[in-house]
Structure formats: structure tokens, C-alpha cells
Amino acid sequence: MRLRLGLVLTLSAFFLLSSARAQESCTHCKNSGLHVCKNAACSDKACGTKLKHVCDQRYRAKCCQGFRHTLCKKCQSKEALAKFREFKKTRKQWLKSVKKVDLKVGIRFSHVETEHFYIHNSHTNWRFDRKDEQDRSSGAHIWAERVEAACDDVEKHFGKIRPGPKHRLYLTWTVADNMSAFRSYGHSLEYAKYSFRFGTTGEACRLFCFPDHETRYTDRGLHAFVYHHACYAALGYLGPKRRIPLWFGVGAAHWLDLKRGKRAHDLNVFQLPESQSIQNPWFIKANWNKLVAKRLKKKRVSLKGLFKQKVFTTLEEHALCWSMVNFLCRRKAKGRVKELVKAWASGMPWEKALEQSFGISVEDFESSWQRYALGGYK
């Protein structure tokens, strides 16, 4: 009896050891249980970007369904199989959620999810700057790169973007399509009185845009518009809700426009009604300085008043916000802006945060800014 039991235990140990050695000695997958999918349909080359993202193009690939790996048939790893099943579950939920967008709006989109944004693109033959016409999927990936570049610029100059609900960008062709998207997902009816392009859901922003205006007939113009609003959306996540002042978000988005390129600011009509035209001389960035100086000569601008203001709609108000941020971000004080934003995000009163970051009182700060603006920003 003891001899039989010993034999059984010996054989069990032998088989366990053999299976372990077989898995360890798997030269095909190097014990990972997976092989990199070699099909081009789910590669970075197919998507046209190395940006970390999820897209319907990869998830609908027949080769590996977007997993980007295939299971090793030799070792048949249970861990790898469990990972693949969990991925399939996530993939199914994601595809189901984006299909709902198509059905709800009544338009066929290509969908891309990045770190900070969902991009829903319906443009089938949009000619991108310095590129040929792109199809719906390729265009969605290019816009994904652009909005993430805007987020990178925000983090570079103003601080880390905190995690939160992802923003959404809907790119449509016609006013009817745009209205359909807005009615399905837009929630800012006050804003919709003069524009059907911007809505909010909680903290996250929803941007609806299409080439409907003289500034957005070309890729440069539409890119400027999307970049500006992507920056504005990202700036809202520098701190908890309502702790980052609205005037700072408006001004910083315009300041980043100017950093991005010489003509980008001129092409952007911001959040103003369509009746405004880029032929208006005040839209030229060189005249923004004159517009601010004209306002300051009429009446003193109070920083406290900017903090209390809840809506900025006129060009003059946008110019004042930009001027203030431009003063904060001047070369000698640039490193202190992140400290100021961090203090606001922590809940510190704005007067104390300003004094702590820049070492001057509110009155001295206002006087210095107005001298700076009236002196031509020198």
C-alpha cells in the first residue's frame, strides 16, 4: 500500500515538473503565453499614429480584435487566456457604447479614445494641412493627436491635468448633423442661444464643430478652433471644479493660441456669434494690445471683478483675460504660474495665493499689470 502511494506521488511530481519545464522552455512566446500580432490591420502604421489610444478600427480587426497579440498554441497559458477574455469583455462594452453614439445622432462616426478625449469624426474627405484628403478613420486619429498635443501644452505651461471624465469632440459636416449631435449630447442651452458648438456635462466638455464659418473652411482654421477649445477644456482640469478661475481659463487658452503660431490667433473667432468676422480689425492679434489699452484708459479693471464674472462673451473681455495671463506668464515670472495654479487648486483664497506665488499684494499686482499693458507688454 505504501509502495503504491509512493509511486503515485512520484509520478504526480514527475508530470508536474515536466509541465512546468515545458512552459519554462517555451521558445515561441518566452513564457508570456502571447505572440505579437503581425497583421497590419491593427498596427500603429494602420492607425497612422503611435499615440496610446483605443479605436474602432483596431477593435474591429479580424486578426486579434485589437488585442494586438495572439495566444501561444504551444504552451496554452491560462494567465494569457484570462487576460484575453477580460480584454474581449472590455472591447465589447466599448464598441457597444460608440455604436450608441452613431445610432443616437444618426450619423456614421469613426471613434478614437485617448487619455483625455473621445473623438467622434464624420468627415470623410477632409483635406488636412500639408496632407492629402483623409478618410473618416485616419482623420479621427489626426484629430486625436491634435487634442492631446493641446493637453500637453497645458501641462507644460500650467501644471498637471488631474484625472476626470473625458471630454468629447464631435466633428460633423453640416448644420443639420451638428444640431443632431448637439441635441443628443449638448447640455448648455444658454450657450446654444448663439452657438451650437459647445456643451457641458458635469465637469467634462463636449465640443461640437463643423466647417460653417469663413474661419473654418480650411484645416488651419478648424484646427485653430479645436485647439483653442481643447486647451480650454483641459485647463478646467488643473484643479477641482470651480477652483480655477474662469477668466484664467479663457485667457490661458488664448495665450496658448499665440504660443502655437503667428496666424493661429487671427484665425480663431473664439466663442463669439457667427455675425463676427475675421475682417473685424480687432481680430488681428497686433490690435489686441490696442484694444486692452483703450479699455484701461476708459476705466480701471479690477482683478476682483474678473473673479466674480461668470461669463465672458465680448472680444474686449477675452482680450482683458488674455492680457492678464500674458502678464502672469512673462519671462521673469513664468515659473511662478504653476505655483499659483497649484495654490488655487488646493482651495487657497485667490488673494493669498497671488501674494504667496508672486510676493506682491493685489493692488500692486493690478498696477503692475496695467503699466505693463499700457506700455506695450515690454
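Position labels on residues start from 1 in each chain and follow its written sequence. In keeping with the model being predicted, local features are shown solely for residues with a pLDDT of at least 70 and side-chain atom pairs are shown and tallied solely at 80 or more, while totals for entire chains, interfaces and linings include all residues. Calculation of side-chain values draws on the structure's entire complement of heavy atoms; hydrogens and water are dropped beforehand.

(A) Examining the overall build of the chain more closely. Secondary structure assignment for the chain yields 15 helices and 10 strands. The buried share of the chain, taken over its 378 residues, is 48%. The contact criterion used is simple: two residues touch if any of their non-hydrogen atoms lie within 4.5 Å. For the chain, restricting intrachain contacts to residue pairs at least 6 apart in sequence, the fraction spanning at least 24 positions comes to 65%. Note on areas: these come from Shrake-Rupley sampling with a 1.4 Å probe, and a residue is covered only by the protein chains present in the view. Element-wise, carbon and sulfur atoms account for 53% of the exposed surface of the chain, whose accessible area totals about 20,700 Å². Working definition: helices are DSSP H or I runs of at least four residues, strands are E runs of at least two. Numbering for both runs from the N terminus. Only protein chains enter the accessibility calculation, which uses a 1.4 Å probe. A residue is then buried if its area is under 20% of the maximum for its type, exposed if over 50%, and partly exposed in between.

(B) Just the environment of Leu328, in detail. Relative to the assigned elements, Leu328 resides in helix 12 (residues 315-328). On a C-alpha basis, the gap between Leu328 and Ala252 in space is 9.8 Å, while along the polypeptide they are 76 residues apart.

(C) Examining helix 13 (residues 336-345) more closely. Of the positions making up helix 13, those classed as buried are Val337, Leu340, Val341, Ala343, Trp344 and Ala345. Its buried side turned inward, helix 13 meets helix 5 (136-158), helix 9 (246-260), helix 11 (303-308), helix 12 and helix 14 (350-358). Positive backbone phi, at 95°, marks Gly347, one or two positions downstream of helix 13.

(D) Local environment of the nonpolar core. Residue types Ala, Val, Leu, Ile, Met, Phe, Trp, Tyr and Cys, when buried and joined through side-chain atoms within 4.5 Å, form a set referred to as a nonpolar core. Counting 76 residues, the largest nonpolar core has Ile119, Trp143, Phe158, Leu169, Trp247, Phe248 and Leu303 as the members making the most contacts within it. The dominant element in this core, judged by the number of residues it contributes, is helix 8 (residues 219-235), at 10 residues.

(E) Expanded view of the packing of helix 10 (residues 288-298) against helix 12. Axis definition: a line fitted to C-alpha atoms, limited for helices to the stretch in contact. Angles are taken between N-to-C directions and run from 0 to 180 degrees. Here helix 10 crosses helix 12 at 100°, and the two axes come no closer than 9 Å. By the criterion of interaxial angle, the relationship of helix 10 to helix 12 is roughly perpendicular. Every residue of helix 12 that contacts helix 10 at Trp288, Asn289, Leu291, Val292 and Arg295 is listed here: Leu315, Glu316, His318, Ala319, Leu320, Trp322 and Ser323. Gly is placed with the polar residues, together with every amino acid not listed as nonpolar (Ala, Val, Leu, Ile, Met, Phe, Trp, Tyr, Cys and Pro) or charged (Asp, Glu, Lys and Arg). Partitioned by chemical class, the residues of the contact of helix 10 with helix 12 number 7 nonpolar, 3 polar and 2 charged. An angle below 35 degrees is read as roughly parallel, one above 145 as roughly antiparallel, one from 65 to 115 as roughly perpendicular, and any other as oblique.

(F) Geometry of the packing of helix 13 against helix 14. At a minimum axis distance of 9 Å, the contact between helix 13 and helix 14 shows a crossing angle of 150°. The angle between helix 13 and helix 14 places the two elements in the roughly antiparallel class. Once helix 13 is placed against helix 14, the crossing between them reads as right-handed. Within the contact between the two elements, helix 13 uses Arg336, Val337, Glu339, Leu340, Ala343 and Trp344 and helix 14 uses Trp350, Ala353, Leu354, Ser357 and Phe358. The residue makeup of the contact of helix 13 with helix 14, split by class, is 8 nonpolar, 1 polar and 2 charged. Crossing handedness is read from the near helix: turned anticlockwise from the far helix by less than a right angle, it gives a left-handed crossing, and turned clockwise, a right-handed one.

(G) Layout of the pattern of salt bridges. What makes a salt bridge here is a side-chain nitrogen of Lys or Arg within 4 Å of a carboxyl oxygen of Asp or Glu, nothing more. If you walk through the whole model with that rule in mind, you get 5 salt bridges. With a shortest N-O distance of 2.7 Å, Lys166 and Glu113 are connected by a salt bridge. In this pair, Lys166 is assigned in the loop between helix 5 and strand 8 (167-171) and Glu113 in strand 4 (residues 110-113), connecting sequence segments 53 residues apart. Of the charged contacts in the structure, one is a salt bridge between Glu316 and Arg295, with a shortest N-O distance of 3.2 Å. Within this pair, whereas Glu316 is found in helix 12, its partner Arg295 is found in helix 10, the two being separated by 21 residues in sequence. For Glu316, a relative accessible area of 30% gives the class partly exposed. Classification of Arg295 as buried rests on a relative accessible area of 18%.

(H) Local environment of the state of the cysteines. Only a pair of cysteine sulfur atoms within 2.5 Å counts as a disulfide in this structure description. Scanning all chains against the criterion turns up 0 disulfides. No disulfide involves Cys231; its nearest neighbouring cysteine sulfur is the one of Cys151, lying 7.6 Å away. Judged by relative accessible area, which is 0%, Cys231 ranks as buried.

(I) Focus on the side chain of Ser122. For Ser122, the location among the structural elements is in the loop between strand 5 (117-121) and strand 6 (126-127). Among residues more than four places away in sequence, those in contact with Ser122 are Ile107, Arg108, Phe109, Arg136, Leu171, Thr172 and Trp173.

(J) Seen up close, the environment of Ser184. Tracing the sequence through the fold places Ser184 in helix 6 (residues 175-185). Judged by relative accessible area, which is 16%, Ser184 ranks as buried. Discounting chain neighbours no more than four positions away, the residues touching Ser184 are Lys104 and Val105.

(K) Fine view of the pairing of strand 5. With 5 of 5 residues buried, strand 5 lies mostly within the body of the structure. Two strands are said to pair when DSSP picks up at least two bridges between them. When strand 4 meets strand 5, the two strands line up antiparallel, connected through 4 bridges. The residue of strand 5 that forms the bridge with His111 is His120. Taking the residues that link successive antiparallel strands as the turn, the strand 4-strand 5 hairpin has 3 residues. Judged from the 5 bridges that link them, strand 5 and strand 8 form a sheet pairing that is parallel. Of the residues in strand 8, the one forming a bridge with His120 is Tyr170.

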